[in-house]
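# Geometric and topological summary
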Amino acid sequence: MGIYTYHLTTKGLDNMTLLKLIGLCLLGILALVILLLLIAVIHTLLIPSKKSTYVANEPEEVSLPLAKKLSRMIQYETVSHDHVDEAEKFRGFHKVLEELFPLVFSHLEKTEIDGNLLFHWKGKSDKKPILLMSHQDVVVAEGEWLHEPFSGDIADGKVWGRGASDTKCSVMGFFQAVEELLQEGYEPQNDVYLASSCTEEWAGDGAPKIVAELKRRGVELFLVCDEGGGIITDPIGGIPGNFAMVGVFEKGKADVKFTAKSTGGHASAPSVGTPIARLSDFVQEMEHHSPFRKKIMPEVAAMFKTLAPYGSFGLKLVFSNLWLFGPLLKVLLPKISAQAGAMLKTTIAFTMQSGSDAYNVIPQEATLGANLRFIPHQGEKESLAILEQVAKRHGLEMEVLHTNDFTEPVDIHGEGFQYVEATIAKTFPGLVTSPYVMTGATDAQFYQPICKNCVRFAPVIYGPEQMKGMHGLNENIQYNCLPGAVRFYKNLITG
């Protein structure tokens, strides 16, 4: 053995033998790849292809009265502004709600806290209380609209105006659901709460005030159903049709300010590494060499598995065989869809910048603002620490202006999620439910301390036009989906 080893290390293998060994290794690798691909293809062929069949097909005589109620709600302008006390404005909106839903206001216990609403409908038991919620406030409406933003026009099968889809439609839906159940003389098996803040659009203190009141009463909720997800049309390119995308957690978020300093000077003789140049180098690195780790979380994997049968063979092959194609998907997904890519990692978006007040003056100080969204596998603490290290390499100071971590995911195999899934199946025949990662933020985050099942799902259809209109121009909702929303909330209450 010793002689043979000496021979190898001193003489080496002859070239022909070495080439043969390399060839055998390559053939082995190729054979393994072919085998793995064959296994994936066979597995994919065994998965039946499916089509999403759900469409809203409601009669006009049922849809139009609901559209008119939503129209009235839109006509009352409820734009909220950061840290501005506008309680009186929202109390005026409450009067509109009382006109539209008189039984809710006369039969349920109402609590109003600085314009934020909480209703309690006492049930036969308080063991598994549920809370239905969505916000009253809307964002500003700028630009030129096809229909005036607070007209509430009903045209072309849609209700138009700010708040139509975000989210007075769902506020109308659960108020109408309770109104109808009260008309029918229904008594809930468990306590039901209705909640609606007036500060959601700027992550204000409305929802926290409602939660504080519930804590004071000792309420532990079984289920919270807020906005966030919805019945999304074509949720991923190549997956056609309507799907119930139920948000099961929210990414955390932070607003961060970066500052680069120098002695300034005249622009005619610039030194190397001026403040704006250092900020630019920092942005370049973050944009093209992101330090944040990509990972396909269990909830995202479940989404791909659910949607796989509804795609082309290629998508089905990739989505249903993450054990093989996961690394490839992590590379390709952000290039295909920014929304889908944001489900894989912490993200950073640069949003604000300032420098010198004159073109010929090098600034003594330049600043850059950014918004981060934290993913659970690399949360608030780790992501900010990584970011600070990169900033220091570029000579930048970093200041965290606001931060909160991600919310704990709802157990997609647990009783709460399965109850919502069953209610969707009961309400919308042919509609498939999939878990979904919220890359934005909702009021549901504040309810996490008193509820383990905070789902984000507005039971209305959001097609490309509706998605584009949220916080944009020409916001609207197809009103033939409103009866389904009302039925969903009724079914959620009655079981």
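To keep things clear, this report deals only with the structure shown in the data block. Computed from a predicted structure; not experimentally measured.

Further remarks concern the overall build of the protein chain. Looking only at helices and strands, one finds 16 helices and 17 strands in the protein chain. Structurally, the protein chain occupies a C-alpha span of about 95 × 70 × 45 Å along its principal axes. Counting across all 495 residues of the protein chain, residues that qualify as buried make up 52%. Contacts spanning at least 24 positions in sequence make up 81% of the contacts within the protein chain whose residues lie at least 6 apart. Computed over 45 positive and 56 negative side-chain charges, the separation of the two mean positions in the protein chain equals 8 Å.

Right, let's get into the sheet that holds strand 11 (residues 347-354). With respect to topology, 4 strands assemble into an open sheet ordered 11-13-9-14, the strand pairing being antiparallel. For this open sheet the edge positions go to strand 11 and strand 14 (397-404), each flanked by a neighbour on one side alone. The sheet shows a mean angle of 20° between the axes of neighbouring strands, taken without regard to direction. In this structure, strand 11 lies alongside strand 13 (residues 365-374), joined through 7 bridges in antiparallel fashion. Bridging across to strand 13, Ala349 finds its partner in Asn371. Contacts from helix 13 (residues 380-393) reach strand 9 (252-261), strand 11, strand 13 and strand 14 within the one sheet, and its direction differs from that of strand 14 by about 165°.

Moving on: the sheet that holds strand 4 (residues 154-155). What the 3 strands build is an open sheet, ordered 4-5-17; its pairing is antiparallel. Lying at the two open borders of the sheet, with one neighbouring strand each, are strand 4 and strand 17 (476-478). Judged from the 3 bridges that link them, strand 5 (residues 158-160) and strand 17 form a sheet pairing that is antiparallel. From the neighbouring strand, Trp160 faces strand 17, where its bridge partner is Asn476. Docked against the sheet, helix 3 (residues 60-75) engages strand 4, strand 5 and strand 17, running at close to 10° with respect to strand 5.

Bringing the side chain of Glu285 into the picture now. Tracing the sequence through the fold places Glu285 in helix 8 (residues 275-288). Polar side-chain contacts of Glu285 include one of 2.7 Å to the side chain of His394.

Turning next to the pairing of strand 16 (residues 454-462). Among the 9 residues in strand 16, 9 count as buried, and that is most of the element. Residues Cys454, Arg456, Ala458, Val460 and Tyr462 of strand 16 are buried on one face, and the alternating residues Val455, Phe457, Pro459 and Ile461, pointing to the opposite face, are buried as well. In this structure, strand 7 (residues 223-233) lies alongside strand 16, joined through 6 bridges in parallel fashion. Note that in strand 16 the partner of Ile232 across the bridge is Tyr462.

As a further point, take the packing of aromatic side chains. Inspection of every chain in the model, using the stated rule, returns 17 aromatic pairs. Ring geometry for Phe119 against Phe175: centres 5.7 Å apart, planes inclined by 90°, an arrangement best described as edge-to-face. Linking Phe119 in strand 2 (residues 116-121) with Phe175 in helix 6 (residues 168-183), this pair joins segments that are 56 residues apart in sequence. For Phe175, a relative accessible area of 2% translates into the label buried. When the centroid spacing of 6.4 Å and the interplanar angle of 55° are considered together, the rings of Phe222 and Tyr419 count as tilted. Placement of Phe222 in the loop between helix 7 (206-216) and strand 7 and of Tyr419 in helix 14 (residues 415-427) is noted, with a sequence separation of 197 residues between them. Taken together, Tyr54, Phe101, Phe105, Phe119, Phe174, Phe175, Phe428, Phe457, Phe488 and Tyr489 form an aromatic cluster joined through their ring pairs. Against the face of Phe222 rests Lys128, its NZ or CZ located 5.0 Å from the ring centre.

Turning to the state of the cysteines, a few remarks are in order. Here the structure, examined in full by the defined rule, presents 0 disulfides. Here Cys198 is not disulfide-linked; the sulfur of Cys169 is the nearest cysteine sulfur, at 18 Å. Among the residues examined, Cys198 registers a relative accessible area of 5% and is labelled buried. Sulfur of Cys481: no disulfide; nearest cysteine sulfur belongs to Cys169 and is 7.1 Å away.

The nonpolar side chains of a soluble globular protein tend to be buried, and buried together. Of all hydrophobic cores here, the largest spans 94 residues; its most connected members are Val104 and Phe304. Looking at this core element by element, the count peaks at 9 residues for helix 6. With near-sequence residues (within four places) excluded, Phe304 lies in contact with Ile236, Ile296, Phe319, Leu322, Leu329 and Leu333. Counting 21 residues, the second largest nonpolar core, distinct from the first, contains Phe282, Ala370, Val390 and Leu396.

Time to look at a nonpolar patch on the surface. On the surface, Leu18, Leu19, Ile22, Leu26, Ile29, Val33 and Leu37 cluster together into a nonpolar patch covering about 630 Å² of accessible area. Looking at the secondary structure, you find Val33 in helix 2 (residues 15-45). Judged by its relative accessible area of 41%, Val33 falls in the partly exposed class.

Our focus in this paragraph is the pattern of salt bridges. Applying the stated criterion across every chain yields a total of 19 salt bridges. Put simply, Glu99 and Arg72 hold a salt bridge, and the shortest N to O gap is 2.7 Å. Remark: Arg72 occurs in helix 3 and Glu99 occurs in helix 4 (residues 87-100); sequence separation between them is 27 residues. Between Glu184 and Lys490 there is a salt bridge, with the nearest N and O atoms lying 3.0 Å from each other.

Reading guide: rules and limits
- Residues numbered from 1 in each chain as written.
- Predicted model: local features only at pLDDT ≥ 70, side-chain atom pairs only at ≥ 80, totals over all residues.
- Heavy atoms only, no water.
- Helix = DSSP H or I, 4+ residues; strand = E, 2+ residues; numbered from the N terminus.
- Buried < 20%, exposed > 50% of the residue type's maximum accessible area, 1.4 Å probe, protein only.
- Contact = heavy atoms within 4.5 Å.
- Lys, Arg positive; Asp, Glu negative; His and termini not counted.
- Charge placed at Lys NZ, Arg CZ, Asp CG, Glu CD.
- Pairing = 2+ DSSP bridges.
- Axes fitted to C-alpha atoms, helices over the stretch in contact; angles between N-to-C directions.
- Polar contact = N/O pair within 3.5 Å; in protein donor to acceptor, adjacent residues only side chain to side chain.
- Phe/Tyr/Trp six-rings, centres within 6.5 Å; stacked < 30°, edge-to-face > 60°.
- Lys NZ or Arg CZ within 6 Å of the ring centre and 35° of its normal.
- Disulfide = S-S within 2.5 Å.
- Core = buried A, V, L, I, M, F, W, Y, C linked by side-chain atoms within 4.5 Å.
- Patch = residues over 30% accessible without salt bridge, like charges linked within 9 Å, V, L, I, M, F, W, Y side chains within 5 Å.
- Areas by Shrake-Rupley, 256 points an atom, 1.4 Å probe, with all protein chains shown as cover.
- Salt bridge = Lys/Arg side-chain N within 4 Å of Asp/Glu carboxyl O.

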